[in-house]
Amino acid sequence: MTPREIAVLVLAAGGVFFAVVAAVGIVRLPDLYTRSHSASKSDTLAAGLSLAAVAVTFGLDVSTVKAVLLLLFMFITNPTAAHAIARAAAEEGIEPWTRDGADSGSADGTGSGPTDGTGSGPTEREVEE
Amino acid sequence: MTFISDVLLTAAAAFVLISLVVVYRLVRGPTMQDRVIAVNVIGSNIVVTIALVAGAYRDVGALDIAIVYALLNFLMSIAISKFTVERGGVL
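A brief report on the enclosed structure follows. (Residues numbered from 1 in each chain as written. Chains lettered and ligands numbered in written order. Predicted model: local features only at pLDDT ≥ 70, side-chain atom pairs only at ≥ 80, totals over all residues. Heavy atoms only, no water.)

## A word on the overall build of chain B
To keep things clear, this is the line we draw: Secondary structure elements follow DSSP: runs of H or I no shorter than four residues count as helices, runs of E no shorter than two count as strands, and numbering proceeds from the N terminus. Atoms counted for the radius of gyration: C-alpha only. Globule rule: 2.2 Å times the number of residues to the power 0.38. When accessible area is computed with a 1.4 Å probe and restricted to protein chains, residues below 20% of their type maximum are described as buried, those above 50% as exposed, and intermediate ones as partly exposed. The protein chains shown are the only cover counted for residues, whose accessible areas, like all others here, come from Shrake-Rupley with a 1.4 Å probe. Neither His nor the chain ends contribute to the count of charged residues, in which Lys and Arg are positive and Asp and Glu negative. Charge coordinates come from a single atom per side chain, which is NZ of Lys, CZ of Arg, CG of Asp or CD of Glu.
Counting its regular elements, chain B contains three helices and zero strands. Moving toward the C terminus, one meets the helices and strands of chain B in the order α-α-α. Relative to the compact-globule value of 12 Å for 91 residues, chain B shows a C-alpha radius of gyration of 16 Å, a clear excess of over 25%. Reported as C-alpha extents along the three principal axes, the dimensions of chain B are approximately 50 × 25 × 10 Å. Every one of the 91 residues in chain B was classed for burial, and the buried ones make up 46%. Per element, the accessible surface of chain B, about 4300 Å² overall, is 74% carbon and sulfur. Positive and negative charge centroids in chain B, built from 6 and 5 side chains respectively, lie 15 Å apart.

Structure follows, in structure tokens:
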């Protein structure tokens, strides 16, 4: 294997690993804000590593510049979008998940506490209107 | 097919499967912002998939498609999050 093949293999494997971490966090974490944290950090790192693999693949070319610019763009905009969504949720009045609400659910981490807690925000808003 | 093409196509297939797992959160996210986060993650995974396929087939034109898709993905997230808070204050 040439050094370029090893670099592409390592970068692509790292990207897939962090994408799996992001998907597990988005499916399993109890709250919108923790899911947003998982989406903004792990998924940004996964996209960065995978696009770095693409940039290494093209070698020295004009398309390498495109791949690097796409990497920088996603590196900036992905956390920004997650921040905007989380801020919109905070302004809608959705409460963050705390351990107090999860005591009733005990053993399995997916207790009904968090989903019920987040559901209270929009209904209050409906009442106001 | 060279070794690098195989690696990139395998990674692209893995990203597609991961996006299918995130669809679970898109279907039964309790709030609307959960669904927006899921759509955002799926969109960025699709951008990475397009770029990986472009690298595997040495297709330079597909990178432009990936760039435009990333731009639209970001604009969609910002527009939806602003639209839901101000109830149409943007438009």
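## Points about the overall build of chain A
Using the following cut-off: Whether two residues are in contact is decided by their heavy atoms: any pair within 4.5 Å suffices.
Counting its regular elements, chain A contains five helices and zero strands. Each helix and strand of chain A, placed in order from N terminus to C terminus, yields the pattern α-α-α-α-α. Classification of the 129 residues of chain A by burial places 44% in the buried group. For chain A, the share of sequence-separated contacts (at least 6 apart) that also reach a separation of at least 24 residues comes to 65%.

## Let's talk about the nonpolar core
The nonpolar side chains of a soluble globular protein tend to be buried with one another. The condition that has to hold: Buried residues of nine kinds, namely Ala, Val, Leu, Ile, Met, Phe, Trp, Tyr and Cys, make up a nonpolar core once their side-chain atoms join them within 4.5 Å.
A:Leu70, A:Met74, B:Leu8, B:Phe15, B:Val22 and B:Leu52 are the most contacted members of the largest nonpolar core, which has 47 residues in total. Here the element with the most residues in this core is helix 2 (residues 32-56) of chain B; it accounts for eleven residues. If we ignore the near neighbours within four places in the chain, the residues touching A:Met74 are A:Thr44, A:Ala47, A:Leu51, A:Pro79, B:Ser44, B:Val47 and B:Ala70.

## Observations regarding empty space enclosed by the protein
Selection criterion: Only protein atoms enter the 1 Å grid, on which a cavity is a set of points fitting a 1.4 Å probe that cannot get out and a pocket is an open set with protein on both sides within 12 Å along at least 5 of 7 lines, lining residues being those with an atom within 4 Å of a point. Grid points are joined across faces, edges and corners, and a volume is the space filled by probe spheres set on the points. Each residue is assigned to one class: nonpolar for Ala, Val, Leu, Ile, Met, Phe, Trp, Tyr, Cys and Pro, charged for Asp, Glu, Lys and Arg, and polar for all the others, Gly among them.
Inspection of every chain in the model, using the stated rule, returns two cavities of 30 Å³ or more. Its boundaries defined by the atoms lining it, the largest cavity holds a volume of some 70 Å³. In this structure, the largest cavity is lined by A:Met74, A:Thr77, A:Asn78, A:Ala81, B:Asn40, B:Ser44, B:Ala70, B:Asn73 and B:Phe74. Along the lines of polarity and charge, the residues of the lining of the largest cavity split into four nonpolar, five polar and no charged.

## Things to note about the packing of helix 1 (residues 3-28) of chain A against helix 2 (residues 32-58) of chain A
Residue and element names in this part refer to chain A. Stated formally: Here, axes are lines fitted to C-alpha atoms. For helices the fit covers the stretch in contact, and angles between N-to-C directions go from 0 to 180 degrees. Note on angle classes: values under 35 degrees are labelled roughly parallel, values over 145 roughly antiparallel, values of 65 to 115 roughly perpendicular, and the remainder oblique. Whether a crossing is left-handed or right-handed is set by the direction in which the near helix is turned from the far one by less than a right angle, anticlockwise for left-handed and clockwise for right-handed.
At a closest axis distance of 8 Å, the pairing of helix 1 and helix 2 adopts a crossing angle of 165 degrees. Considering the angle they form, helix 1 stands roughly antiparallel to helix 2. Helix-helix and strand crossings are classified by hand; for helix 1 and helix 2 the assignment is left-handed.

## Some thoughts on helix 3 (residues 61-86) of chain B
It helps to recall that an α-helix has 3.6 residues per turn; residues three or four apart then point in one direction. Residues and elements named next belong to chain B. The following threshold applies: Expected helix span is computed as 1.5 Å times (number of residues minus one).
With 26 residues, helix 3 extends 38 Å between its outermost C-alpha atoms, agreeing within 8% with the 38 Å of an ideal straight helix rising 1.5 Å per residue. The set of residues buried in helix 3 consists of Ala 62, Leu 63, Ala 66, Ala 70, Asn 73, Ser 77, Ser 81, Thr 84 and Val 85. Of the residues flanking the end of helix 3, it is Arg 87, one or two places downstream, whose phi is positive at about 55 degrees.

## Digging into helix 1 of chain A
Here helix 1 of chain A contains 26 residues, and its C-alpha end-to-end distance of 38 Å stays within 8% of the 38 Å for a straight helix at 1.5 Å per residue. If you check which residues of helix 1 of chain A are buried, you get A:Glu5, A:Val8, A:Ala12, A:Gly14, A:Gly15, A:Val16, A:Ala19, A:Ala22, A:Ala23, A:Gly25, A:Ile26 and A:Val27. Residues of helix 1 of chain A that are buried make contact with helix 2 of chain A together with helix 1 (3-27) and helix 2 of chain B.

## Focus: the pattern of salt bridges
Convention followed: Here, a salt bridge means any side-chain nitrogen of Lys or Arg that lies within 4 Å of a carboxyl oxygen of Asp or Glu.
Applying the stated criterion across every chain, the model contains three salt bridges over all chains. For B:Asp64, the salt bridge is made with A:Lys66, and the minimal N-O distance between the two is 3.0 Å. Taken as a pair, B:Asp64 in helix 3 and A:Lys66 in helix 3 (residues 62-92) lie in two separate chains rather than in one. Residue classification places B:Asp64 among the partly exposed positions, given a relative accessible area of 34%.

## Overview of the interface of chain B and chain A
So the rule is basically this: Definition of a polar contact: a pair of N or O atoms within 3.5 Å, with one able to donate and the other able to accept a hydrogen when the atoms are protein atoms, and with sequence-neighbouring residues admitted only if both atoms are side-chain atoms.
Contact with chain B, which involves 43 residues of that partner, is made by 50 residues of chain A. Counting across the chain B and chain A interface gives five residue pairs in polar contact (both at pLDDT 80 or more). Counting only elements with at least two residues in the side of chain B that touches chain A, the list comes to helix 1, helix 2 and helix 3 of chain B. Among the elements that line the side of chain B that touches chain A, the one with the most residues is helix 2 of chain B, at 14 residues. For the side of chain B that touches chain A, the class distribution of residues is 29 nonpolar, nine polar and five charged.

Remember, this is a structural readout, not a statement about activity or role.
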